[in-house]
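Per-entry structural report
Here is what each chain is made of, one letter per residue.
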Amino acid sequence: MPKVGKPTSKRVPVRLRHNIQKAGAAKQRKARKLAKKNPEWRSRLKKDPGIPNLFPYKDKILQEIEEKRRQKEDENARQKDLAKAQRLGTAVADTEATEGLEENEEDEDALYELGTDEEDSMQVDDSDANPMAAFVASALARAAEHDKANQSDSADEMDEDDEEGWAGIDDNAAGVSNSSTRKDSSMKAFRKEFEKVVDAADVILYVLDARDPEGTRSKEVERMITAADSGNKRLMFVLNKIDLVPPPVLKGWMIHLGRSFPTLPLRASKPAPNARIFDHKHLTIKGTSETLFKALKSFAEGRQLKRAVSVGILGYPNVGKSSVINALSMRLGGRAGACPTGAEAGVTTSMREVKLDNKLKLLDSPGIVQSRSVDTSKTSKIEEHARLVLLNAVPPKEIQDPAPAVTLLLKRLSSSPELFAKLLDVYGLPPLMSTNGDLTTDFLVQVARKRGRLGKGGVPNLHSAAQTVITDWRDGRIQGWMDPPVLQIAPESTVPAKAGEAAPVGDRKEIVKELAAEFKIEGLWGNGSDDAVDTMEV
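Residues numbered from 1 in each chain as written. Predicted model: local features only at pLDDT ≥ 70, side-chain atom pairs only at ≥ 80, totals over all residues. Heavy atoms only, no water.

1. As for the overall build of the protein chain
Just so we agree on the cut-off: Helix numbering and strand numbering both begin at the N terminus, where a helix is a DSSP run of H or I of at least 4 residues and a strand a DSSP run of E of at least 2. Only protein chains enter the accessibility calculation, which uses a 1.4 Å probe; a residue whose area is less than 20% of its type maximum is buried, one above 50% is exposed, and one in between is partly exposed. In what follows, residue pairs with any heavy atoms lying within 4.5 Å of each other are defined as contacts. For the accessible areas, the method is Shrake-Rupley and the probe is 1.4 Å, while residue cover comes only from the protein chains on display.
Within the protein chain, the regular secondary structure consists of 18 helices and 6 strands. The buried share among the 538 residues of the protein chain stands at 38%. Counting only contacts in the protein chain whose residues sit at least 6 apart along the sequence, the fraction spanning at least 24 positions is 69%. Here the protein chain displays about 33,400 Å² of accessible surface, and carbon together with sulfur accounts for 52% of that area.

In structure tokens:
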């Protein structure tokens, strides 16, 4: 017989066992890394396998689950009815607690009469006979009066909102939920804060976006400010985000806006990551904020008031109003976050006061949007909403359909082959060849594939791709701007201007020079003359 050998041991050295564990961990890390690069959609939630078909009591378990679900729905409905009845002021008793208690028909008739007729409910004899019925009747009467008062108050509030025509962002234009809370906050509460800032301020800084100054400007607001306090309030334009436009465009807008009111450029904050900016040399955050501060100090010294001069900051949402205050406060060594800021619109919701020194205090205000479109058609509302989206005046979570805004952006950039080529370069796209005539869809499909915005089965998610484009536009990764208008000077006429018409260019220029003299910004890029603007070191 062959000799049975000694069985070999299955023990493994510690060194080899650790190598096996390391290899397993490395394989898992590699799998996770490859899974992140995979553009196909995968759900992170594990699918419930359910009850196996071969399980003998499957039907019974499913019936129990369905019965529990139905009971839960019934309980939720009962709780809602009970809460609704309690809000109306009625005394609703639980059905289980009232079982076995029967009332005769005479008591029910008396209770009904007492609940419907206020005079009968106050009779002494009835209250002595049935005190609970009298209590219920009085509660019903008070609830009816309260409902009538609420209806009259809500009607008055709607009338007040419609008086002055302040229309915030039209939520119905793109399918946004048109709730009463949203209307209150944008049209009523924000308008009150806006009026508080105008009434309390001596000087108004109207902050404009350098990429589209006319789009973020409201002539109605300007007329309201100049007419307030018998014309004693002063208005100054602050052109923010100047690093997102080239020097020639900035120079043209300074000349154009300087013909209406004193205008100063400003870099209020640092650009977003990967933003494509222009170098304006000496127009830095520190230099422009010091220039603005000197202009405000000169105005405060010229007024010689015993109190601090109030400076109100107005403008569209997300044009950088709070960033202007932070830039001025940091110039004096103040704290960096004097006012909270954010890339999205709607960060500031009420008036906020920031004191710079004994002579100056700043008033921050929420952004107000006044509708420009008189046409109330659905197409006009969609176009107006798209314009507001490109102005960053709509929070991203309230943009239900960003495609019209992308269409408007492509339409604007298509007018300049250079800007459109830069847009394609941002996403690394080849020249677009629209086969079906829909340039927006073809563009979003390409962006979705490049950025991995794909749904289940690799289908491009156009909504997510459009949101990406809007975010890149907001943060300055996509270059684009509106060119300043060219002034056509008509031959001089001796006919005086009619009432309500604008003053001639020469007279308006003299008025602006007088206003600029109060701020002593002669030669500081803001007097509106062509010679002064030529001296800008850009």
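2. Section: the packing of helix α13 (residues 403-414) against helix α14 (residues 417-427)
To keep things clear, this is the line we draw: Fitted lines through C-alpha atoms serve as axes, helices being fitted only where they are in contact, and the angles separating the N-to-C directions of these axes extend from 0 to 180 degrees. Roughly parallel here means an angle under 35 degrees, roughly antiparallel means over 145, roughly perpendicular means 65 to 115, and every remaining angle is called oblique. In this classification, the charged set is Asp, Glu, Lys and Arg, the nonpolar set is Ala, Val, Leu, Ile, Met, Phe, Trp, Tyr, Cys and Pro, and all remaining amino acids, among them Gly, are polar.
In contact at an axis separation of 7 Å, α13 and α14 are set at 130 degrees when each is read in the N-to-C sense. One element, α13, and the other, α14, form an angle in the oblique class. Of α14, the residues touching α13 (which contributes L410, L413 and S414) are P417, L419, F420 and L423. Taken together, the residues of the contact of α13 with α14 sort by class into 6 nonpolar, 1 polar and no charged.

3. Overview of the pairing of strand β6 (residues 360-364)
The line we're drawing: Note on pairing: two strands pair once DSSP finds at least 2 bridges between them.
β6 sits mainly inside the fold: 4 of its 5 residues count as buried. Two strands pair when backbone bridges link them, and strand β4 (residues 309-315) and β6 are joined in this way by 4 bridges, in the parallel orientation. For G312, the partnering residue across the bridge sits in β6 and is L363. Pairing of strand β5 (residues 352-355) with β6 involves 4 bridges; the strand directions are antiparallel.

4. Details of unusual backbone geometry
If you check the backbone angles, K241 has positive phi at about 60 degrees while not being a glycine. A positive phi is found at N392, a non-glycine position, where the angle reads about 65 degrees. With respect to the helices and strands, the residue N392 is situated in the loop between α12 (378-390) and α13. Of the residues examined, N392 reaches a relative accessible area of 4% and is grouped as buried.

5. Let's talk about the pattern of salt bridges
Applied cut-off: Salt bridge, as used here: a side-chain nitrogen of Lys or Arg that lies within 4 Å of a carboxyl oxygen of Asp or Glu.
What the rule picks out here adds up to 21 salt bridges. Here E67 makes a salt bridge to R70, at a shortest N to O gap of 2.4 Å. Of this pair, E67 and R70 both sit in helix α2 (residues 58-87), separated by 3 residues, roughly a single helical turn. Classification of E67 by relative accessible area gives partly exposed; the value is 33%. One connected set of salt bridges, linked through shared partners, spans R451, D472, R474, D475 and R477.

6. Brief notes about the nonpolar core
For the record, the criterion: We call a set of buried Ala, Val, Leu, Ile, Met, Phe, Trp, Tyr and Cys residues a nonpolar core when their side-chain atoms join them within 4.5 Å. Each domain's extent is set by a domain assignment, obtained either automatically or from a database.
Among the nonpolar cores identified, the biggest contains 87 residues, and L205, L239, L292, Y427, F443 and V469 are the most heavily contacted of them. Inspection of this core shows a minimum of three residues originating in each of domain 1 (183-364) and domain 2 (378-475). What L205 contacts, discounting residues up to four positions off in sequence, is M236, V238, L292, L296, V311, G312, I313 and L314.

7. Some words on the environment of M482
Mapped onto the elements of the fold, M482 is located in the loop between α16 (462-474) and α17 (505-519). In this structure M482 comes out as partly exposed when scored by relative accessible area, which is 32%. M482 sits 237 residues away from V245 along the chain, and the two C-alpha atoms are 9.2 Å apart. Excluding its chain neighbours within four sequence positions, the residues that come into contact with M482 are R211, D212, V249, W253 and R412.

8. Focus on the packing of aromatic side chains
As a reminder of what qualifies: Planes of paired rings set the category: under 30 degrees apart is stacked, over 60 is edge-to-face and the rest tilted, where pairs are Phe, Tyr or Trp rings (Trp by its six-membered ring) whose centres lie within 6.5 Å. Charge over a ring is defined by NZ of Lys or CZ of Arg lying within 6 Å of the ring centre and within 35 degrees of the ring normal.
Here the structure, examined in full by the defined rule, presents 5 aromatic pairs. Ring centres of Y206 and F237 lie 6.0 Å apart, and the angle between their planes is 55 degrees; this geometry places the pair in the tilted category. With Y206 in strand β1 (residues 203-209) and F237 in strand β2 (residues 234-240), the pair connects residues that are 31 residues apart, well separated along the chain. By the ring-pair criterion, three or more aromatic residues cluster together here, those being Y206, F237 and F261. Against the face of W473 rests R211, its NZ or CZ located 4.7 Å from the ring centre.

9. Quick look at the pairing of β2
Inclusion rule: Look down the strands so they point away from you; if going from the first strand over the helix to the second traces a clockwise path, that crossover is right-handed.
Extensive coverage of β2 is indicated by the burial of 7 of its 7 residues. Burial along β2 is two-sided: R234, M236, V238 and N240 and L235, F237 and L239, pointing in opposite directions, are all buried. Inspection of the sheet shows β1 paired to β2 by 7 bridges, in the parallel sense. Paired with Y206 across the strands is F237, a residue of β2. Crossover β1 to β2 through helix α8 (residues 219-227) is right-handed. Examined bridge by bridge, β2 and strand β3 (residues 263-265) share 3 bridges and lie parallel to one another. By the bridge assignment, L239 is partnered in β3 with P265. Chirality of the crossover, the property in question, places the unit of β2, helix α9 (residues 247-258) and β3 among those that are right-handed.

10. Quick word on the side chain of R477
The condition that has to hold: Here a polar contact is recorded for every N or O atom pair within 3.5 Å, except that within protein the pair must consist of a potential hydrogen donor and a potential acceptor, and residues adjacent in sequence are included only if both atoms are side-chain atoms.
As for its position among the elements, R477 is in the loop between α16 and α17. At 3.2 Å, the side chain of R477 forms a polar contact with the backbone oxygen of P273. In contact with R477, other than residues within four places in its own chain, are P273, N274, A275, R276, V426, T471 and D472.

11. Structural notes on the sheet that holds β3
To summarise the sheet geometry, strands pair through backbone hydrogen bonds and adopt either a parallel or an antiparallel arrangement. Here 6 strands make up an open sheet; going across it, the order is β3-β2-β1-β4-β6-β5 and the pairing mixed. Taken across any chain shown, the strands that pair with only one partner, and hence form the sheet edges, are β3 and β5. Each adjacent strand pair in this sheet contributes to an overall mean axis angle of 25 degrees, direction not counted.

12. Describing α13
Put simply, the test is: Each helix should span, by expectation, one fewer than its residue count multiplied by 1.5 Å. Note that the arc is defined by the directions from the helix axis to the C-beta atoms.
Its 12 residues place the ends of α13 16 Å apart at the C-alpha level, agreeing with the 16 Å of an ideal helix rising 1.5 Å per residue. Among the residues of α13, those classed as buried are A405, V406, L409, L410 and L413. End-on, the buried residues of α13 take up no more than an arc of 135 degrees, which puts them together on one face.

13. Let's talk about the packing of α13 against helix α15 (residues 439-451)
Contact geometry of α13 with α15 gives a least axis separation of 10 Å together with a crossing angle of 100 degrees. Looking at the two axes, α13 sits roughly perpendicular to α15. Contact with α13, carried on its side by A403, V406, T407, L410 and S414, involves L439, T440, F443 and L444 of α15 and no other residues of that element. Of the residues that constitute the contact of α13 with α15, the class distribution is 6 nonpolar, 3 polar and no charged.

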